[in-house]
Amino acid sequence: MVDTLNNWEDGHWIGQTLEVENGVCAVPKKMKTGALAYTDEVRAATDHLYEQVSTFIPKFEWPAYAPLVHAINQLKKQKNAVILAHNYMTPDIFALIGDYKGDSLGLAIEATKTDADIIVQAGVHFMAETSKILCPDKKVLIPSLRAGCSLASSITGDDMRLIKQRYPNVPIVTYVNATADVKAETDICCTSSNAVQVVESLGVPKVIMAPDEFLAKNVANMTDVEIIAWHGRCEVHARFSATDVREMRAAHPGVVVLAHPECPPDVVIESDFTGSTKAMSDYVSDNKPKNVILLTECSMSDNVAMANPDVDFVRPCNLCPHMKRITLQNIYECLRDEKHEVKIPKHIAIKARRAVQRMIDLPPPGKKGHFDPKAVHKDIKVI
Ligand code: SF4
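> How should the overall build of the protein be read in this particular structure?
Looking only at helices and strands, the protein has 16 helices and 13 strands in total. Oriented by its inertia axes, the alpha-carbon framework of the protein measures out at about 65 × 55 × 40 Å. In the protein, which comprises 383 residues, the share counted as buried stands at 52%. Restricting the contact set of the protein to residue pairs at least 6 apart, pairs at least 24 apart contribute 67%.

> How do you make sense of the pairing of strand 7 (residues 206-210) when you look at a structure like this?
The two faces of the sheet receive side chains in turn, since in a regular strand these alternate between them. By the criterion of burial, strand 7 is predominantly enclosed, with 4 of the 5 residues buried. In the sheet, strand 5 (residues 172-175) pairs with strand 7 via 3 bridges, with the strands oriented parallel. Across the sheet, V173 pairs through a bridge with M209, a residue of strand 7. In terms of strand pairing, strand 7 meets strand 8 (residues 226-229) through 4 bridges, oriented parallel. Among the inter-strand pairings, V207 is bridged to a residue of strand 8, identified as I227.

> Can you help me understand helix 14 (residues 298-307) in this one?
Side chains that are three or four residues apart share a direction in an α-helix, a result of its 3.6 residues per turn. Buried residues dominate helix 14, accounting for 7 of its 10 residues. Of all the positions in helix 14, only C298, S299, M300, S301, D302, N303 and V304 are classed as buried. Looking at the buried residues of helix 14, the elements they touch are helix 4 (91-96), helix 13 (277-287), strand 11 (291-295) and strand 12 (312-314).

> What exactly am I supposed to notice about the sheet that holds strand 1 (residues 81-86) here?
For sheets, the rule is that strands pair by backbone hydrogen bonds, running either parallel or antiparallel. The strand order across the open sheet formed by 4 strands is 2-1-3-4, and the pairing between neighbours is parallel. The open sheet has two edge strands, strand 2 (100-102) and strand 4 (139-141), and neither has a second partner. On average, each strand axis in the sheet is tilted by 20° relative to the strand beside it, whichever way the strands run. The pairing of strand 1 with strand 3 (residues 118-122) spans 5 bridges and is parallel. Note on strand 3: the bridge partner recorded for A85 is A122. On top of the sheet, helix 5 (residues 104-113) reaches strand 1, strand 2 and strand 3; it is set at about 165° to strand 1, its chief contact. Across the sheet, helix 6 (residues 125-134) is in contact with strand 1, strand 3 and strand 4; its angle to strand 3 comes to roughly 155°.

> For this particular structure, what's the right way to read the environment of D361?
Within the fold, D361 resides in the loop between helix 16 (346-360) and strand 13 (381-382). Classification of D361 by C-beta neighbours within 10 Å gives exposed; the count is 9. The spacing of D361 and E110 is 251 residues in sequence and 15 Å in space, taken between C-alpha atoms.

> Mind showing me how you'd approach the environment of K290 here?
Structurally, K290 can be placed in the loop between helix 13 and strand 11. K290 sits 34 residues away from V256 along the chain, and the two C-alpha atoms are 8.2 Å apart. Filtering out sequence-adjacent residues up to four positions away, K290 remains in contact with G254 and D312.

> Explain the sheet that holds strand 6 (residues 188-190) to me, please; I cannot follow it from the model alone.
A sheet is described by the order of its strands in space; here 5 strands give the open sequence 6-5-7-8-13, paired in parallel fashion. The sheet terminates laterally at strand 6 and strand 13, the two strands that pair on one side only. Two strands pair when backbone bridges link them, and strand 5 and strand 6 are joined in this way by 3 bridges, in the parallel orientation. Bridge assignment links Y175 to a residue of strand 6, and that residue is C190. Set on the sheet, helix 10 (residues 213-220) makes contact with strand 5, strand 7, strand 8 and strand 13; between it and strand 8 the angle comes to about 170°. Across the face of the sheet, helix 16 comes into contact with strand 5 and strand 6 while running at roughly 60° to strand 6.

> Looking at this model, I keep getting lost on the site of the ligand. Mind explaining?
Looking at the ligand, the residues that line it are V124, C149, S150, L151, N177, C234, E235, V236, E297, C320, H322 and M323. For the shell around the ligand, the per-class residue count stands at 7 nonpolar, 3 polar and 2 charged.

> Looking at this model, I keep getting lost on the nonpolar core. Mind explaining?
Across soluble globular proteins, nonpolar side chains show a tendency to be buried alongside one another. In terms of nonpolar packing, the biggest core is built from 113 residues, with I93, V120, M209, V219, L258 and I331 touching the most fellow members. When residues no more than four places from it in sequence are discounted, the contact partners of M209 are V173, L215, A216, V219, I227, A229 and W230.

> What's the story with the confidence of the model for the protein in this structure? I'm lost.
Atomic detail in the predicted coordinates should be set aside for any region of low pLDDT. Across the protein, pLDDT averages 90, with 92% of residues at or above 70. In this model, residues 1-23 is a region of pLDDT below 50 whose contacts with residues beyond four sequence positions or in other chains number 45 contacts.

> Which parts of the structure should I look at to understand the packing of helix 6 against helix 16?
Think of two packed helices as two axes; the pair is described by the angle between the axes and how far apart they sit. For the pair helix 6 and helix 16, interaxial distance at closest approach is 9 Å and the crossing angle is 95°. Classified by the angle their axes make, helix 6 and helix 16 are roughly perpendicular. Every residue of helix 16 that contacts helix 6 at T130, I133 and L134 is listed here: A349, A352, R353 and V356. In terms of residue class, the contact of helix 6 with helix 16 is made up of 5 nonpolar, 1 polar and 1 charged.

> Got a minute to help me understand unusual backbone geometry in this structure?
Excluding glycine, residues mostly carry a negative phi; peptide bonds, for their part, are mostly trans. Here A210 and P211 are connected by a cis peptide whose omega angle stands at -10°. As for its position among the elements, P211 is in the loop between strand 7 and helix 10. At K288, a position not held by glycine, the phi torsion is positive, near 40°. Along the chain, K288 falls in the loop between helix 13 and strand 11. Owing to 11 C-beta atoms within 10 Å, K288 belongs among the exposed residues under this scheme. Within the chain, H340 stands out as a residue other than glycine whose phi angle is a positive 60°. Summarising the element assignment, H340 is placed in the loop between helix 15 (328-337) and helix 16. You can call H340 buried: it has 21 C-beta atoms within 10 Å.

Thresholds, definitions, all that
- Position labels on residues start from 1 in each chain and follow its written sequence.
- Only residues with pLDDT of 70 or above have their local features reported here, since the model is predicted, and side-chain atom pairs are shown and tallied only from 80 upward, although totals for entire chains, interfaces and linings are computed over all residues.
- Put simply, DSSP marks the helices as runs of H or I at least four residues long and the strands as runs of E at least two long, and each gets a number from the N terminus on.
- Exposed residues have 12 or fewer other C-beta atoms within 10 Å of their own C-beta, buried residues have 20 or more, and partly exposed residues fall in between, where C-beta atoms are placed from the backbone.
- Whether two residues are in contact is decided by their C-beta atoms, placed from the backbone, lying within 7 Å.
- When DSSP finds two or more bridges between two strands, those strands count as paired.
- Axis definition: a line fitted to C-alpha atoms, limited for helices to the stretch in contact. Angles are taken between N-to-C directions and run from 0 to 180 degrees.
- Residues are counted as near a molecule or strand when the C-beta atom, derived from backbone positions, lies within 6 Å of that molecule or strand.
- Lys, Arg, Asp and Glu make up the charged group, whereas Ala, Val, Leu, Ile, Met, Phe, Trp, Tyr, Cys and Pro make up the nonpolar group; the residues left over, Gly among them, are polar.
- Only buried Ala, Val, Leu, Ile, Met, Phe, Trp, Tyr and Cys residues enter a nonpolar core, and they are joined through C-beta atoms within 7 Å.
- pLDDT is a per-residue confidence score from the predictor, ranging from 0 to 100.
- Each angle gets one of four labels, with under 35 degrees taken as roughly parallel, over 145 as roughly antiparallel, 65 to 115 as roughly perpendicular, and the rest as oblique.

Here it is, written out as structure tokens:
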């Protein structure tokens, strides 16, 4: 598969890639000597951590992971750094080195509360940009310059300016999965947990939602506000189908199906519950279903399973190739060398912050963040 993703530093994410560089956890290269060897010191500092990831990492591979975990945790102390670990990170990153864990907005808000000097974003580029927008005085690093997003790369600042020319009186609600220059052209941002609430907060009869077509369609089914959608899609969630859900139910009678609202609307109709990654995680913790399927990125099930050992997870596996570009190895190198710093031109950052802050200032969405599978399906305009 040809990789057409541009370096994010030039501001143009025009492509996407399906190349996957590693699987469930990227097994680091085993070092027999030097700073990253599995020494007695490393063993003493890390062996108590192994239990958390024993389901995912075979014991014989632990000597390859432990030195990196130890080195990263030491670097964090030396440099007063924190790691923001998204729910889609592999369990080694999520459980062993993440200081704050959650969805993209939750992580960015946590970032504003930390007194750390350095933030390492264990996630994709738009998340690192959001952290930088909200924490302009901190050094924000991203471990891989190639950790993009098919949604973020589906729309540019120029596209937004054209939309505004074509629909001058219609406000634009932009999902946080967008670049800083797109956020800068938007009226207000939203996440998958507050999208309905944000749309209704504007008090207007019609809004444009970008860049996720399916999120926009799912929101349209939950509100009387007319929605016009941009045509972007998450390459991970768009792959789930209603047929998949029916086949999974037939293969696993009684299973509870939870979907993310980036999935197509017919998947939402077939599911028992639809909400953000946090809402799905909370659903499992609160309801403890015997058997559950999370229709989202693979690592999410792994991470929610760690916190709910009494729940059985059926794991349909759609990997996000962009998320999987973040590894223990490149987190270590990025923090050690303080490389791949996120920089956003000030005039863009100020405008983007306004749109993000306007969303943060809304009250928590509560049940407004859940999508009703029985909601009446509407056809909406897609541009
Ligand atoms: S899972 Fe989808 S929305 Fe999230 S980073 Fe990957 S491509 Fe983007």
